[in-house]
Amino acid sequence: MLPDTLVDNRYLIIKSLGGGGMANVYLAHDEFLDRDVTFKTMRLDMQADADLAKRFQHEALAATELVNDNIVQVYDVGEYEGSQYIVMEYVEGTDLKSYIQAHFPIPYQQVVDIMLQVLNAVQAAHDADIIHRDLKPQNILIDAQNKVKITDFGIAIAKSEQDLTQTNTVIGSVHYLSPEQTRGGMASTKSDIYALGVMLYEMLTQHVPYEGDTPVAVALKHAAADMPSVRDFDPRIPQALENVILKATAKKPQDRYLNAAAMAEDIKTSLSPRRTHESRFAPMTDADDETRIIPMAQIQDQLKTGVSSVNVLPDEAPEEPSIKDRIIEYAKKGYNVKEIAKVVDRTPAYVRSVLRGEGIKYRESKTGKIVALLAIVLVAVISFLVVLQIQANKTTVPDVVDLTQSQAESKIKKAGLNVGTVTSTTSKSIKKGNVVRSTPTDGADAKKGDTVNLIVSSGRAKVRFGDYVGSDYDMTATQLRTQGYEVQKTSQASDTIASGSIIAQSVSANDKVDPTETTVKFTVSTGPEKITVPDFTKSSTQDDVQNWAAQNGITVNVNTTYSNSVKKDHVISQSIRGGSKITRDNTLLVTISQGPEQSSSSSSSSSSSSSSSDNSSDESSKSSSSSGSGNS
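So, how was this worked out
- Residues numbered from 1 in each chain as written.
- Predicted model: local features only at pLDDT ≥ 70, side-chain atom pairs only at ≥ 80, totals over all residues.
- Heavy atoms only, no water.
- Core = buried A, V, L, I, M, F, W, Y, C linked by side-chain atoms within 4.5 Å.
- Buried < 20%, exposed > 50% of the residue type's maximum accessible area, 1.4 Å probe, protein only.
- Contact = heavy atoms within 4.5 Å.
- Pairing = 2+ DSSP bridges.
- Helix = DSSP H or I, 4+ residues; strand = E, 2+ residues; numbered from the N terminus.
- Axes fitted to C-alpha atoms, helices over the stretch in contact; angles between N-to-C directions.
- Polar contact = N/O pair within 3.5 Å; in protein donor to acceptor, adjacent residues only side chain to side chain.
- Phe/Tyr/Trp six-rings, centres within 6.5 Å; stacked < 30°, edge-to-face > 60°.
- Lys NZ or Arg CZ within 6 Å of the ring centre and 35° of its normal.
- Parallel < 35°, antiparallel > 145°, perpendicular 65-115°, else oblique.
- Left-handed = near helix turned anticlockwise from the far one by under 90°.
- pLDDT = per-residue confidence, 0-100.

A.B. asks: Report on the nonpolar core, specifying residues and quantitative values.
C.D. replies: Residues Leu96, Leu196, Leu200 and Met263 are the most contacted members of the largest nonpolar core, which totals 50 residues. Ignoring sequence-local partners within four residues, the contact set of Leu200 consists of Val111, Met115, Leu241, Val244, Ile245 and Ile267. By size, the runner-up hydrophobic cluster in this structure holds 15 residues, among which are Val545, Val571, Ile576 and Leu588.

Take a look at the structure:
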């Protein structure tokens, strides 16, 4: 998207903030609420992929359920020109990965403070049945006040929707991937806790615990290699703080913290002097009886060729030959599995695996067979009852789009579901008060008693109109019409505003309006006013000229002269031809008649003195006329 693009008459794109695997991210301004937001839209090259579109939609739906001080808030979701978008809280700062690089070494207390905020957010997500599944420092934002917020629920899913995860697909960043995920197991809250332990390791050492030439090599280390000690990197790190890492990253999920809140309680006191002499954490349970290979063809190929930097997986680790020999010997003598396990100090499952590997038949104890048979029957019965219960509780989210809120709530309740939060959003197509969409959306599988949230239309978005005085009319009109405004024009001459520029607008700049229902009238400058000059040579007097000039603000210069053909005080000629158009900065020159010039003659009856007097009078009159021919 280009800067200054206005999405849905509300979100003004300011600049690009980068992009991820699925989306492009922009800084935008919410014109309606006057605040900066993060605007994420699905990449153009991925819009045709229905599965990716569904994942992008689930990002929005999962995140709208989370409201926590340490989680980036999702404000709005929608679609623009065929592309889905999410509008989120804008956090001005940096991500934890960059923060570690810039501030390492980070004081231990600050490390604890950051982790407590992260754990608070993760616990809130887990309480809402949301597993993040991609926790890593790049998804942790820190502002200038060291406030922490988790973002990017791009592959987060509700626990009830894990059927969306594709078989044989490991989702998540390999450096933070739990052992069970590398083996093809489902992600869980314990997987998020494992990732948090790896992040804590990185905050204390500036490095991830496992490196490798390939992602496969790193994944195998997560599955089999011991967690490196942060105290080897820095002996000053308290053992209690390292123990938080060791417990969070235990290979078996049951050895990890029960939940994020328990991890938070532990790390709170990890710097306490009373825990100075704490022993190194060791898991309570044995290693897995059987380790499955990571369900990816690439890993399988590398295992076959021995490319991985991990020597062997736990179930392939060489045992003492004497132990295997003793197991085989006792089996040949007729000992049952339970008896052999007790003698060699191994689990029954291990004994069975050894004998199966050697092709040796083994004997179970009678009690064990009965218990096993009863267990099988019990599991079958329970499974059958569970299936019946699941089928009885299954339902589908009804279609409530464009219904009134009350109609939608009634329909949801009839489907055996509960109505959750009701929020509002603007809509160009759904009238005010009707449902725009639901979360989950219509057609989604649900269990009776589940909650359905409603998003109700608040009508079309209203935005600040803006000040366009002095702007070019043609450009402004084109821009506003594309946004849905009706634009009208009135022309007006102006000595101060350039031609084509806007003098005035009918809508105030700060008015909040719906563009599709707003008509704006612009007064547009035609430049300085053009004034038509009359033909003053047709019986106009000097007073006529002066009155016209005063009314129109025109400067007039006047010459006078004698004329035998034009009456006194009338116009003889003008410098600008009648009918011409001029502006006020032009000057008009007119010549005014003084009438015919008078001739001198002597009277026979006059005395010479009288003649002299008359001659003097004539000379005086001629001089006055000459003076009057100047400018007036």
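Moving on from the coordinates now.
A.B. asks: Break down the sheet that holds strand β1 (residues 6-7) for me, with residues and values.
C.D. replies: Strand-to-strand pairing in sheets goes through backbone hydrogen bonds, with the strands running parallel or antiparallel. Read across the open sheet, the six strands follow the order β1-β2-β3-β4-β6-β5; overall the sheet is antiparallel. Single-partner strands in this sheet number two, and they are β1 and β5 (74-80). Where strand β4 (residues 35-42) lies against strand β6 (residues 83-89), five bridges are found, and the strand directions are antiparallel. Each bridged residue has a counterpart across the sheet, and for Val37 the counterpart in β6 is Glu89.

A.B. asks: Describe the sheet that holds strand β14 (residues 435-439), and please don't skip the residues or the numbers.
C.D. replies: Overall, mixed pairing links the three strands, which are arranged β13-β16-β14 in an open sheet. Each of the sheet's edge strands pairs with one partner strand only, and the pair in question is β13 (418-425) and β14. Recorded for the sheet is a direction-independent mean angle of 25 degrees between the axes of neighbouring strands. As paired elements, β13 and strand β16 (residues 451-457) share six bridges and run parallel to each other. Considered in β16, the bridge of Thr425 is made with Ser457. Against the sheet, helix α15 (residues 405-414) engages β13, β14 and β16, with an angle of about 150 degrees to β13.

A.B. asks: Could you give me a rundown of the pairing of strand β23 (residues 555-561), with the residues and numbers involved?
C.D. replies: Only one face of β23 is covered, namely the face carrying Val556, Val558 and Thr560; the face carrying Thr555, Asn557, Asn559 and Thr561 is uncovered. The pairing of β23 with strand β26 (residues 587-593) spans seven bridges and is classified as parallel. When the sheet's bridge partners are listed, Val558 is paired in β26 with Val590.

A.B. asks: With reference to specific residues and values, describe the side chain of Gln574.
C.D. replies: The residue Gln574 is located in strand β24 (residues 571-574) in this model. For Gln574, a relative accessible area of 15% corresponds to the buried category. Side-chain polar atoms of Gln574 contact the backbone oxygen of Pro534, separated by 3.0 Å. Among the polar contacts made by the side chain of Gln574, one reaches the main-chain carbonyl oxygen of Ile576 at a distance of 2.6 Å. Once residues lying within four places of it in the same chain are set aside, the contact partners of Gln574 are Val533, Pro534, Asp535, Phe536, Thr537, Leu588, Leu589 and Val590.

A.B. asks: Outline the packing of aromatic side chains, listing residues and values.
C.D. replies: Throughout the structure, instances matching the rule amount to ten aromatic pairs. Judged by centre distance (6.2 Å) and plane angle (75 degrees), the rings of Tyr473 and Phe522 are edge-to-face. Taken together, the residues span a long stretch of sequence, with Tyr473 in helix α16 (residues 473-482) and Phe522 in strand β21 (residues 519-525) at a distance of 49 residues. Pairwise contacts between aromatic rings join Phe465, Tyr468, Tyr473, Tyr485 and Phe522 into one cluster. Here Arg35 stacks its cationic end above the ring of Tyr75, 3.8 Å away from the centre of that ring.

A.B. asks: Quick rundown of the packing of helix α8 (residues 239-248) against helix α9 (residues 260-268)? Include the residues and the values.
C.D. replies: Running from amino to carboxyl end, α8 crosses α9 at an angle of 160 degrees, the nearest separation of the two axes being 9 Å. As far as their axial angle goes, α9 and α8 are roughly antiparallel. Judged by the twist between their axes, the crossing of α8 over α9 is right-handed. Counted together, Leu241, Val244 and Ala248 of α8 and Met263, Asp266 and Ile267 of α9 form the full contact between these two elements.

A.B. asks: Residue-level account of α8, with values.
C.D. replies: A large share of α8 lies buried, amounting to nine of its ten residues. Among all positions in α8, only Gln239, Ala240, Leu241, Glu242, Asn243, Val244, Ile245, Leu246 and Ala248 are buried. On its buried side, α8 packs onto α3 (108-127), α5 (189-205), α7 (230-233) and α9.

A.B. asks: Go over the confidence of the model for the protein chain, please, and point to the residues and values.
C.D. replies: In regions of low pLDDT, the predicted coordinates are not meant to be interpreted in detail. When pLDDT is averaged along the protein chain, the result is 80; 80% of the residues meet or exceed 70. Note on residues 157-171: pLDDT is under 50 here. Beyond four places in sequence and across chains, it has 31 contacts. A low-confidence stretch, residues 287-321 (pLDDT under 50), is modelled with 55 contacts involving residues beyond four sequence positions or located in other chains.

A.B. asks: Summarise unusual backbone geometry; cite the residues concerned and give the values.
C.D. replies: Outside of glycine, negative phi angles account for most residues, and trans bonds account for most peptide bonds. Between Phe104 and the following residue, Pro105, the backbone shows a cis peptide bond with an omega angle of 0 degrees. Here Pro105 shows up in the loop between α2 (96-103) and α3. Even without a glycine there, the phi angle at Asp129 is positive, about 65 degrees. Tracing the backbone through its elements, the reader meets Asp129 in the loop between α3 and β8 (130-131). Judged by its relative accessible area of 39%, Asp129 is partly exposed. In this structure, Arg133 is a non-glycine residue whose phi angle is positive, near 75 degrees. Tracing the chain through its elements places Arg133 in the loop between β8 and β9 (140-143). Given a relative accessible area of 9%, Arg133 falls into the buried group.

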